[in-house]
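A closer look at the structure
These are the residues of each chain, in order.
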Amino acid sequence: MAVMESVKLVFFTFGSALGIGAVYQIRREYLLYAGLGGALARIVFLLVKSCTAESFIYNFFAAMAAALYAECLAYLTKNPSTMFLYPSIIPLTPGRAFYFTVIGLILKNMDYINEYLVTCVHSLIGMGLGFAVVSVVMYYQGKHRRLQKKS
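Rules and cut-offs
Residues numbered from 1 in each chain as written. Predicted model: local features only at pLDDT ≥ 70, side-chain atom pairs only at ≥ 80, totals over all residues. Heavy atoms only, no water. pLDDT = per-residue confidence, 0-100. Helix = DSSP H or I, 4+ residues; strand = E, 2+ residues; numbered from the N terminus. Patch = residues over 30% accessible without salt bridge, like charges linked within 9 Å, V, L, I, M, F, W, Y side chains within 5 Å. Areas by Shrake-Rupley, 256 points an atom, 1.4 Å probe, with all protein chains shown as cover. Salt bridge = Lys/Arg side-chain N within 4 Å of Asp/Glu carboxyl O. Core = buried A, V, L, I, M, F, W, Y, C linked by side-chain atoms within 4.5 Å. Buried < 20%, exposed > 50% of the residue type's maximum accessible area, 1.4 Å probe, protein only. Polar contact = N/O pair within 3.5 Å; in protein donor to acceptor, adjacent residues only side chain to side chain. Contact = heavy atoms within 4.5 Å. Expected span 1.5 Å × (residues − 1). Arc of directions from axis to C-beta.

1. Side note on the confidence of the model for the protein chain
For residues with low pLDDT, the predicted coordinates do not support detailed interpretation. Mean pLDDT over the protein chain stands at 91; residues scoring 70 or higher make up 97%. When mean pLDDT is taken per element in the protein chain, helix α3 (residues 55-77) scores highest with 95 and helix α6 (residues 110-150) scores lowest with 87.

2. Points about a nonpolar patch on the surface
On the surface, L117, V121, I125 and L129 cluster together into a nonpolar patch covering about 310 Å² of accessible area. Looking at the secondary structure, you find L117 in helix α6.

3. Quick notes on the nonpolar core
Judged by nonpolar contacts, the single largest core of 27 residues is most densely connected at I26, F45, F84, L85 and L92. For this core, the secondary structure elements donating two or more residues are α2 (28-49), α3, α4 (82-89) and α6.

4. Digging into the environment of L76
Along the chain, L76 falls in helix α3. Owing to a relative accessible area of 63%, L76 belongs among the exposed residues under this scheme. It is 14 Å that separates the C-alpha atoms of L76 and M138, two residues lying 62 residues apart in sequence.

5. Here's the deal with the side chain of T101
Here T101 shows up in helix α5 (residues 95-107). By relative accessible area, which is 6% here, T101 ends up buried. Only 3.2 Å separates the side chain of T101 from the backbone nitrogen of L117, close enough to count as a polar contact. Ignoring sequence-local partners within four residues, the contact set of T101 consists of I113, Y116 and L117.

6. Concerning helix α1 (residues 3-23)
Helix length check: α1 (21 residues) gives 30 Å between terminal C-alpha atoms against 30 Å at 1.5 Å per residue, within 8%. Of all the positions in α1, only S6, V10, T13, A17, I20 and G21 are classed as buried. Viewed along the axis of α1, the buried residues span an arc of 100°, placing them on a single side of the element. Exposed and facing more than 90 degrees away from the buried side of α1 are M4, F11, F12 and V23. For α1, the secondary structure elements touched by its buried residues are α2 and α4. Backbone geometry just downstream of α1 places Q25 in the positive-phi region, at approximately 60°.

Written out as structure tokens, the structure is:
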């Protein structure tokens with residue numbers, strides 16, 4: 001992918017994450033953070049995608065970046081992490097793969113189903129595991145910090 005195409009894609013992802021944040025009624029002072037989260041996730045997505053063709057891997061790392069970003073902002077702003085996570089990850093959802101999977105199902109085209117269903121499932125599993133890894137690490141880090149304060 002050309003550099004200018006990547007820059008445009010990051011810019012449009014920023015805009016779409018900003019719009020999604022507005023739809024979720026995120027307060028105005030945090031909307032910019034929602035857009036930056038989407039841009040960060042897309043940058044990680046594109047960087048890892050340039051190294052591998054496995055949709056699981058680049059979605060996993062993009063989701064981890066978005067989740068880590070959301071957790072850090074949640075800690076700094078004393079807001080829920082989902083407020084920053086949802087706008088960051090919705091632009092990463094495998095809409096094209098899902099669309100062509102459904103078209104393949106409607107048209108009974110096994111080539112479409114075989115190609116796009118696997119990509120869609122791998123992408124969604126990668127994203128889910130990326131969120132889970134960061135969530136578990138942050139949970140136990142917070143639990144460890146609370147235990148240290150008690151002693």
